[in-house]
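# Observations on the model geometry
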Amino acid sequence: MQNTAQSTAIIIAAGLGTRMKSALPKAAHQIAGQPMLTHLIRAAGQVFDRIAVVVGPDMPLLEQLATPHAVAVQRERLGTAHATRQAEACFGEGPVAVFYADNPLVSEATMRALLERLNAGDAGLVLLGMTPPDPARYGRLVMDGPYLARIVEYIDATDQERAISFCNAGGMAARGADMRDWLARVGNNNAKGEYYLTDIVALARQDGVNVAALDAPYDECLGVNSRAELAQAEAAFQARARARFMAGGVTLQAPETVFFAADTEIGADTTIGPHVVFGPGAKIAANVEIKAFSHLEGCTVHSGAIIGPYARLRPGADVGEDAHVGNFVELKAAKLGKGAKANHLTYLGDAEIGPASNIGAGTITCNYDGKAKHKTKIGAKAFIGSNTALVAPVSVGDGALVGAGSVITKNVPENALAVGRARQTTMPRKG
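## Some thoughts on the overall build of the protein chain
On a plain count of helices and strands, the protein chain comes out with eight helices and 33 strands. Here the protein chain has a C-alpha radius of gyration of 29 Å; the compact-globule value for 431 residues is 22 Å, and the former is much larger. Overall, the C-alpha framework of the protein chain stretches about 100 × 50 × 40 Å when taken along its three principal axes. Relative to its 431 residues, the protein chain shows a buried fraction of 48%.

This is the structure:
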């Protein structure tokens, strides 16, 4: 039996993103390597018992991003209250909060504070507000003591009301029964003929219900309706991420030049040089050094490792303890064992490198034959000379040595020396 007192988050994601001049739905545009919708789902999942996402018609990408949560479709775009009603089947009697996918940076802490304010019991409706540096054309929140009296749109505000710095940020919460009642009573007697969610403020006041407003951090409330605003939201996310990592014991030598993905993990006592970029899926242990101009994505780096400068770790790269990945070295689906080194100008793809092995400058694993990928295995304490091509599938045993400039097409046994190159011929120059 459904627990009707469960809390529910409704995320409105039906916008087309016309001002972004994009074929993608607005909520699918990314911040820190993750769709805007996913940011809100991740935060709401830490606070609410269930989540429902409202999308527009023919938005299979958003439906996929919403999985496994409930999805409702707003087939006609008739306003935010109308969109919320499409998810009414998901309401219980417990708290229902509504958020907008184009306000993607609302944090778990702010969502939790919204619920806590509602659960305090003195207000039946709670809105998210903000105090931006420039209130500009935001709707103003007119307070009456501790409670909200009304929302005034900028175009309708008097000079006195425009002087108010407390603005509407979007997002609100109420009990399920109240939300149903107010949504049913919202009209569309306005210039656009749409049903606006903000109209429930006046309905709550008519019913004698107190309306509260939280002053949420401005950088969490940024709206994204254009490419320029998307860039502003990205900058806000990155500033917050940098502060969080430094507070957690990570050294950023030039913080403003380092960029993180939404899911980046970094342990304490790690040092990150200038101009380092983390794509999705990077997990960095404690006590790692990442030097300048490196790019890491979908990889794992263990304690004591040194990465870069100018290194690229692609998905599936796994760098062991105390291993070195140096300048202009690229790893893809490659495991570098403890203490192994690949310090210069090397590509290791679909490879497994044993502990304490040394990979010389210019070495490549030839992993693709035009149809399929093949694996290279190198044992422990092996030495691969500079400018070696390892033609996979191939293995090099523990302690083996491969001469510089070799093309290795056959397996090399343990402790063997392999040289695969043409004999040098020297002839006198003519003239």
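## Structural notes on empty space enclosed by the protein
The tally for this structure, following the rule as stated, stands at one cavity of 30 Å³ or more. Contributing to the lining of the largest cavity are Phe 99, Tyr 100, Asn 103, Val 106, Leu 128, Ala 169, Gly 170, Gly 171 and Cys 221. For the lining of the largest cavity, the elements supplying multiple residues, two or more each, are β6 (95–100) and β10 (167–175). Broken down by element, the lining of the largest cavity gets its largest block of residues, three residues, from β10.

## Points about the side chain of Asn 367
The topology assignment puts Asn 367 in the loop between β26 (364–366) and β27 (376–378). Among the polar contacts made by the side chain of Asn 367, one reaches the side chain of Tyr 347 at a distance of 3.4 Å. Beyond its immediate stretch of four places on either side in the chain, Asn 367 contacts Lys 332, Tyr 347, Gly 349, Asp 350, Ala 372, Lys 373, His 374 and Ala 392.

## Topic: the nonpolar core
In terms of nonpolar packing, the biggest core is built from 58 residues, with Phe 278, Val 301, Leu 313, Val 319 and Leu 331 touching the most fellow members. Elements with a contribution of two residues or more to this core: α8 (227–247), β23 (324–336), β24 (341–353) and β30 (394–396). Sort the elements by how many residues they give to this core and α8 lands first, with six residues. When sequence neighbours within four positions are dropped, the list of residues in contact with Leu 313 reads His 295, Leu 296, Glu 297, Cys 299, Val 301, Ile 307, Val 319, Val 325 and Leu 331. Counting 38 residues, the second-largest nonpolar core is a separate cluster that includes Ala 13, Ala 66, Cys 167 and Leu 214.

## Some details on the side chain of Arg 140
By the element assignment, Arg 140 lies in strand β8 (residues 140–144). Of the buried charged residues, Arg 140 lacks a salt bridge, with Asp 134 as the closest side chain of opposite charge at 6.4 Å. A distance of 2.6 Å separates the side chain of Arg 140 from the backbone oxygen of Tyr 138, its partner in a polar contact. A polar contact is formed between the side chain of Arg 140 and the backbone oxygen of Ile 164, at a distance of 2.8 Å. Setting aside residues no more than four positions away along its own chain, Arg 140 makes contact with Pro 135, Arg 150, Ile 151, Val 152, Tyr 154, Glu 161, Arg 162, Ile 164, Phe 166 and Cys 167.

## Some points on the environment of Ala 323
Along the chain, Ala 323 turns up in the loop between β22 (318–319) and β23. Put simply, Ala 323 and Asn 367 are 44 residues apart on the chain and 22 Å apart in space, counted from C-alpha to C-alpha. With residues up to four places along the chain from it excluded, the contact list for Ala 323 reads Ala 305, Ile 306, Leu 336, Gly 337, Gly 339 and Ala 340.

## Examining the environment of Pro 35
By the secondary structure assignment, Pro 35 is in strand β3 (residues 34–35). Judged by its relative accessible area of 12%, Pro 35 is buried. Separated by 277 residues in the primary sequence, Pro 35 and Arg 312 place their C-alpha atoms 24 Å from one another. The residues contacting Pro 35, other than those within four sequence positions of it, are Ala 27, Ala 28, His 29, Gln 30 and Leu 65.

## Focus on the layout of surface pockets
Volume-wise, the largest pocket comes out at about 1800 Å³. Secondary structure elements with two or more residues in the lining of the largest pocket: β1 (8–13), α3 (80–85), β10 and α8. For the lining of the largest pocket, the leading source of residues is β10, giving five residues. Residues of the lining of the largest pocket, tallied by class, amount to 21 nonpolar, 16 polar and eleven charged.

## Looking at the packing of aromatic side chains
The full count for this structure, using the stated rule, is five aromatic pairs. Residues Phe 293 and Tyr 310 carry aromatic rings whose centres are separated by 5.0 Å and whose planes lie at 5 degrees to one another, so their mutual orientation is stacked. Pair noted here: Phe 293 is in the loop between β17 (289–290) and β18 (295–296) and Tyr 310 is in the loop between β20 (306–307) and β21 (312–313), with a separation of 17 residues, a long-range link. With a centroid separation of 5.0 Å and 15 degrees between ring planes, the pair formed by Tyr 310 and Phe 328 is classed as stacked. Here Tyr 310 is found in the loop between β20 and β21, whereas its partner Phe 328 is found in strand β23, with 18 residues between them in sequence. Note on Tyr 310: relative accessible area 39%, which makes it partly exposed. Relative accessible area serves as the criterion here: at 49%, Phe 328 is assigned to the partly exposed category.

## Here's the deal with the pattern of salt bridges
Inspection of the entire model under this criterion finds 14 salt bridges. Between Glu 321 and Lys 338 there is a salt bridge, with its nearest N and O atoms 4.0 Å apart. Here Glu 321 is found in the loop between β22 and β23, whereas its partner Lys 338 is found in the loop between β23 and β24, with 17 residues between them in sequence.

## Details of unusual backbone geometry
Between Gly 308 and the following residue, Pro 309, the backbone shows a cis peptide bond with an omega angle of 5 degrees. Relative to the helices and strands, Pro 309 is located in the loop between β20 and β21. For the peptide bond that leads from Ala 392 to Pro 393, omega is 0 degrees, which places it in the cis range. As for its position among the elements, Pro 393 is in the loop between β29 (389–391) and β30. Despite not being glycine, Phe 293 shows a phi value in the positive range, around 60 degrees. One non-glycine residue, Lys 381, lies in the positive phi region at around 55 degrees. Looking at the secondary structure, you find Lys 381 in the loop between β27 and β28 (383–384).

Conventions adopted
Residues numbered from 1 in each chain as written. Predicted model: local features only at pLDDT ≥ 70, side-chain atom pairs only at ≥ 80, totals over all residues. Heavy atoms only, no water. Helix = DSSP H or I, 4+ residues; strand = E, 2+ residues; numbered from the N terminus. Rg over C-alpha atoms; globule rule 2.2 N^0.38 Å. Buried < 20%, exposed > 50% of the residue type's maximum accessible area, 1.4 Å probe, protein only. 1 Å grid on protein atoms, 1.4 Å probe; cavity = no way out; pocket = protein on both sides within 12 Å on 5 of 7 lines; lining within 4 Å. Points joined across faces, edges and corners; volume = space filled by probe spheres on them. Polar contact = N/O pair within 3.5 Å; in protein donor to acceptor, adjacent residues only side chain to side chain. Contact = heavy atoms within 4.5 Å. Core = buried A, V, L, I, M, F, W, Y, C linked by side-chain atoms within 4.5 Å. Lys, Arg positive; Asp, Glu negative; His and termini not counted. Salt bridge = Lys/Arg side-chain N within 4 Å of Asp/Glu carboxyl O. Nonpolar A, V, L, I, M, F, W, Y, C, P; charged D, E, K, R; others polar. Phe/Tyr/Trp six-rings, centres within 6.5 Å; stacked < 30°, edge-to-face > 60°.

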